[in-house]
Amino acid sequence: MRTTQNLDQEISMSSIPNMESDASEENHVEEHYAEFSGAQRESKLELFGFDSLVNKLGLKNMIGEQVPTHSGTRDGEDVSITLGQPKPNDFKLGTMMGVFVPCLQNILGIIYYIRFSWIVGMAGIGESLLLVAFCGACTFLTGISLSAIATNGAMKGGGPYYLIGRALGPEVGISIGLCFFLGNAVAGSMYVLGAVETFLDAVPAAGIFKATSTSVNSTLIPGGVKETIHTPNLHDLQIYGVVITILLCFIVFGGVKIINRVAPAFLVAVLFSLVCIFIGIFVAPRHNAPSGITGLSLKTFRDNWSSDYQTTNNAGVPDPEGSIYWNFNALVGLFFPAVTGIMAGSNRSASLRDTQRSIPIGTLAATLTTTAMYLISVLLFGALATREELLTDRLLTASVAWPVPAIIYIGIILSTLGAALQSLTGAPRLLAAIANDDILPILKYFKAADGGEPHLATLFTVFICIVCVVIGNLDLITPTITMFFLLCYAGVNLSCFLLDLLDAPSWRPRWKFHHWSLSLLGASLCIVIMFLISWLFTVVSLALVSLIYYYVCLKGKAGDWGDGFKSAYFQLALRSLRSLGADQVHPKNWYPIPLILCRPWGKLPENVPCHPKLADFANCMKKKGRGMSIFVSTLDGDYYECAEDAKAVCKQLSTYIEYKRCEGVAEIVVAPSMSEGFRGIVQTMGLGNLKPNIVVMRYPEIWRRENLTEIPSTFVSIINDCIVANKAVVIVKGLDEWPNEYQRQFGTIDLYWIVRDGGLMLLLSQLLLTKESFESCKIQVFCIAEEDAEAEELKASVKQFLYDLRMQAEVIVVTIKSWEAHVEGGVQQDNSLKAFTGAQRRIASYLAEMKEKAVKEGKPLMADGKQVVVNEQQVDKFLYTTLKLNSTILRYSRMAAVVLVSLPAPPINHPAYFYMEYMDLLVENIPRMLMVRGYQRDVYTLFT
C-alpha cells in the first residue's frame, strides 16, 4: 500500500463560481469533467465504468499527486480541492466577523437611541414588552428558517436571494431579491442621514446653513406650553450626507479586508456607548439630571406600566392639536426597523468560510442578544423616568449616560455609520449574485468574478444612496423599505415552509431545530406586521414585486434550480394520479390525450424530427390548449448502439414541441422495427388514467412509391394494435394542407357518421370549432340509411340527439340507392369506376403472385408472415363500399374545410395490401380528411 504524506495539511474547498448561464445549479450527480490523461485512465476500478473516487474528487492531492484541472463543469459549479493555506485572494470570514458583527451593527440602529424610551412612554411597559416580543419573534422565526435552508447544502453568494430563488424559483427569487437590494440601498441613505442629523444636533456650529426653528405646543412640558425645536437645514443634510456616502464608498471599495478592519471600530464604540447608558441608568439620578429622571423606582415602574397613546406633532412631542395619533399598530411600524438586519451575515455568504455553521449561529446569536437587550431596556427605562420625561426628552439615553452625554452622540453616529457601511457592503453583493445567475440580461453589467469585488454594483448602490440623500426626506420611502425587508423575511419563511412540508429526499438540513409550523407562523407574522404598519404601502410593495415578477417572466431566461414549486408540482401530480385511480374516467371528465406518431412514412429533411403540421393538428384536439400530447417516434436498431442517437432525436423533438407552443412531451423508442416499437409504446406509455387514449398518425399517401410491402403491413399492424389496446385512432390525410392558427377556414366540417364510435367524431368536430382556424365553419352530419323510408325517422332521431348534446349541426341522410345513382352517371362516376377497376386489377395481380409463391413453396396462402384466406367476392364488396362512400363525399363535401369519416377496421385474414387498396379508394381526390375510429367508450354525456 502506498504511504500518504502531509495528511495533516489543511484541505480547503474553493468557492463555487458561476461559470455558465443556464442557471440550473443543483444537479451535482451528473457533472461532466474533462477527460483525464492516459496514465490516470488506467484504474483498478475500470470494471465499474467510471473514474475512481480518487480521481473524481481530486483526493490524489493528499498523496502528493497532481490532478489536472477540469476544463469545464456542469451547472456553473467548479469544485476543486487544494493543499495548504487558502489562496491570498480567497479571504474568508468566520462566524464572529462574517455574521455576528454585521448583524449586530445592522440591528443596533438609531431607533434605540432616540426613539426607544419614547416608545416605552407611549405604549407603557406592558405593551412595550409585547411589542418587542412580537417583532423579535418575527425575526427569530425567520432566523430559524434561514438557518434550516442555509444548512441544506453549499451556499453561494446572494444570501436571502439565493435561498429564496432556489426554494421558490428564479422568478420569485429575483423579484424579492431586487426589492431587498433596493431596501438595503435606500436604508444606507437613511442611516447616513441619521448620522448627519445627530452630528449637527450635537455640534450646531458645524452647520453651513441656518438651522430651522419650529415652535410647538405641549401640555406636558414643565413650566411652559411652548417648545422650540431646532432641526438642521436640508442643505446641510445633503452636503454632509453626500460626503459621508462617498467616504463609505471608498471603504467598501477597499474590499472585505478593509471593511473587517473598520467595522469592529464602529461596533466597539457602539457597545461602549451602550455600557455607558446602562451604567448611567443604575447610578441615576445624578446631581445635574432633569427632574423627570427618578432613578430606578418601583413607583415609576407602576405608573408607566399601562399605555398612554396620545396625539403628537411631527417632532413626536405630545400636542392636543397635533396631526399624528399613535396606537400599537403605528408603534410596530416605528419600532420594527430596530430588529431588521438579520440578513446582513447571509448577504456575505460568498465571503464566509463555512456558511452552514456561521449563518445559523451568528444570525440567531445576534437576534437573541439584541432582543434580550431590548426587553431589559424596556424594564429599565420604564422604572427610570416619568412618562412626561419619556415622551418629551428625545435623547433620554444621552441625558442618563455616564459620564457625559457626548458619548451617546458618538455612539449614535458610529452606530448609524456602521449600519450604513454594512448596507453598502451587502447590497452590491446581492445585486452581483442576481446578475451572475444570468436570468435577466439587463443586469449583465453588474456581474462580478468569483472572489472579486462587485465594483459596478457598488457604484450603482452608492448612486441610489446619494440620490436618496439629496432628496433628504425619507418619510414616504422609509415604510416601503420596511415592507421590502418584511417581504424578504416572508419569502425565507415560505421557502422553509414549502421545503419542510414537501420533505423531498434532498431536504436534509444540518440545523435540526425547525418545523414547517414555525416557518408558517413566521411568514404569517411578516404579513400581519406589513398590514399593521400600512396597508397602502403593503399594496404598493406587493405591486412592485408583481411588476418585477412579470418582467422576469417576460424577459428572463429559463432556469431550473430544482425549486420547491417543482417538487410541489411533482407531489401534486402523484397525488392527483393516485386519486384518479385506474377506473374508467367519467365522460364528463374525459380529455383527449393524443399519442402523436411522429415517424414519417417517407423521409424528412435533416434535423427535422417530424412533420411540421403535426403539432398544429395536435393543438386542434384540445379545448383552449388544455390537455397533454405525447409525441413519440421510433428508431430502428439496437438500443445499446442507438441510445445516444435517441437522446439527440428526443431533444430535437422537444425543441420542436416548444417552438410550436404545444403542451406535450417527447419520447423516443429504439426497436428492431417500427411496428415492434409501436407495439411496445401502445402497451406501456402513460400512467393510470393518464395513458394516451387517441393515436394520431399521418396517412401513408406515398406507400406505392416508397415500399410496396413494408408500409402496408406496418400501417395495418398499428391499427390492429390500437384496436387490441382499446385506443381510438385518428388518421390524417392531407396533412401538408392542414391550416395553422393564422389560416382561417370557411365552409363546412362534414361528418360521415357510419358506425357508433362513442361520439369521438362529434367531439372532434366541436373541438375544431374552438380554434380560430375553423370557428367560421358550420357542421354537417351525414347519416347512412339503407332505405328511403328510414330517412326521415333517422334524421329526426339524429337531430334530437345532437340537440341533447348541445351541438348545432345540419343533418343530411343519404341512402344507399342515392349512392348507386351517383355511380351510374357523370364524369366523377366514370373516374370513380376507373379507380375501382384499377384497384380490382392490382389486387388480382397481387393475389396471383401470392398463389404462385404458395404453390412453389408448397405452403398455404401467406401474406405479411401469416396465413390468409381470401374471399374474392368479399374483396369486391369492400372495394364497392369504399367507392360508394368516396363518391358521396365528392358529391356533398368537395368544398368542405375538412371531412371526418368513420375508419373501417382491417378485415381479418386479409392481406395488408388489400386494406391499403380499400383505403386509397376511400380517400381518393379528397384533399383533407380525418378517418376516426373510436374505442367503444362514450366520450360525451347527455346529462348535466
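Everything numeric here is computed off the predicted structure, so don't read it as measured data. (Residues numbered from 1 in each chain as written. Predicted model: local features only at pLDDT ≥ 70, side-chain atom pairs only at ≥ 80, totals over all residues. Heavy atoms only, no water.)

Q: Would you mind showing me how to read the packing of helix α7 (residues 170-202) against helix α16 (residues 455-471) here?
A: Geometrically, a packed helix pair is captured by the angle between its two axes and the distance between the axes. Direction vectors running N to C along α7 and α16 enclose 50 degrees, while the axes themselves pass 8 Å from each other. Classified by the angle between their axes, α7 and α16 sit oblique to one another. Handedness of the crossing formed by α7 with α16: right-handed. Facing α7, whose interface residues are F181, L182, A185, V186, G188, S189, V192 and L193, α16 presents F460, T461, I464, C465, C468 and V469. Of the residues contributing to the contact of α7 with α16, the split by class is 11 nonpolar, three polar and no charged. (Axes fitted to C-alpha atoms, helices over the stretch in contact; angles between N-to-C directions. Helix = DSSP H or I, 4+ residues; strand = E, 2+ residues; numbered from the N terminus. Parallel < 35°, antiparallel > 145°, perpendicular 65-115°, else oblique. Left-handed = near helix turned anticlockwise from the far one by under 90°. Contact = heavy atoms within 4.5 Å. Nonpolar A, V, L, I, M, F, W, Y, C, P; charged D, E, K, R; others polar.)

Q: What's the story with the sheet that holds strand β12 (residues 748-753) in this structure? I'm lost.
A: Hydrogen bonding along the main chain pairs the strands of a sheet, whether they run parallel or antiparallel. Ordered in space as β9-β8-β7-β10-β11-β18-β17-β12-β13-β14, the 10 strands form an open sheet in which the pairing is mixed. Pairing within the sheet leaves two strands with one partner each, and these edge strands are β9 (664-671) and β14 (810-815). On average, each strand axis in the sheet is tilted by 20 degrees relative to the strand beside it, whichever way the strands run. Direction of pairing for strand β13 (residues 778-785) relative to β14: parallel, over a ladder of six bridges. Across the sheet, the residue bridging to A785 is T815, located in β14. On the sheet, helix α30 (residues 872-892) packs against β12, β13, β14, β17 (898-902) and β18 (929-933) and is oriented at approximately 155 degrees with respect to β12. Contacts from helix α31 (residues 912-923) reach β11 (728-733) and β18, with the element oriented near 130 degrees to β18. (Pairing = 2+ DSSP bridges.)

Q: Is there a simple way to think about the packing of aromatic side chains in this case?
A: In this description, a pair of aromatic rings is defined by centroid distance and the angle of the planes. On inspection of all chains with the given rule, the structure shows 32 aromatic pairs. An angle of 35 degrees between the planes, with centres 5.8 Å apart, marks the rings of Y112 and Y374 as tilted. Remark: Y374 occurs in helix α12 (residues 355-384) and Y112 occurs in helix α4 (residues 110-114); sequence separation between them is 262 residues. Considered together, Y112 and Y374 belong to a single accessibility category, that of buried residues. (Phe/Tyr/Trp six-rings, centres within 6.5 Å; stacked < 30°, edge-to-face > 60°. Buried < 20%, exposed > 50% of the residue type's maximum accessible area, 1.4 Å probe, protein only.)

Q: When you look at the environment of I442 in this model, what are you seeing that I'm missing?
A: Its place among the elements puts I442 in the loop between α15 (406-436) and α16. Spatially, the C-alpha atom of I442 lies 9.1 Å from that of G556, the residues being 114 residues apart in sequence.

Q: Where do I start with the pattern of salt bridges in this structure?
A: Pairs can form between side chains of opposite charge once their charged atoms are near each other. The tally for this structure, following the rule as stated, stands at 12 salt bridges. Close ionic contact of D437 with R166 constitutes a salt bridge, the shortest N to O distance being 3.2 Å. Taken together, the positions of D437 in the loop between α15 and α16 and R166 in helix α6 (residues 160-168) put the pair 271 residues apart, joining distant regions of the chain. The class for D437 is buried, based on a relative accessible area of 3%. Ionic pairing is found between K660 and D616, a salt bridge with its closest N-O pair at 3.4 Å. With K660 in the loop between α22 (639-659) and β9 and D616 in helix α21 (residues 614-620), the pair connects residues that are 44 residues apart, well separated along the chain. (Salt bridge = Lys/Arg side-chain N within 4 Å of Asp/Glu carboxyl O.)

Q: Is there a simple way to think about the confidence of the model for the chain in this case?
A: Note: predicted coordinates in regions of low pLDDT should not be interpreted at a detailed level. Of all residues in the chain, 83% attain a pLDDT of 70 or more, and the chain-wide mean is 80. Segment residues 1-45: pLDDT under 50, and 101 contacts once partners within four positions in sequence are set aside and those in other chains are kept. (pLDDT = per-residue confidence, 0-100.)

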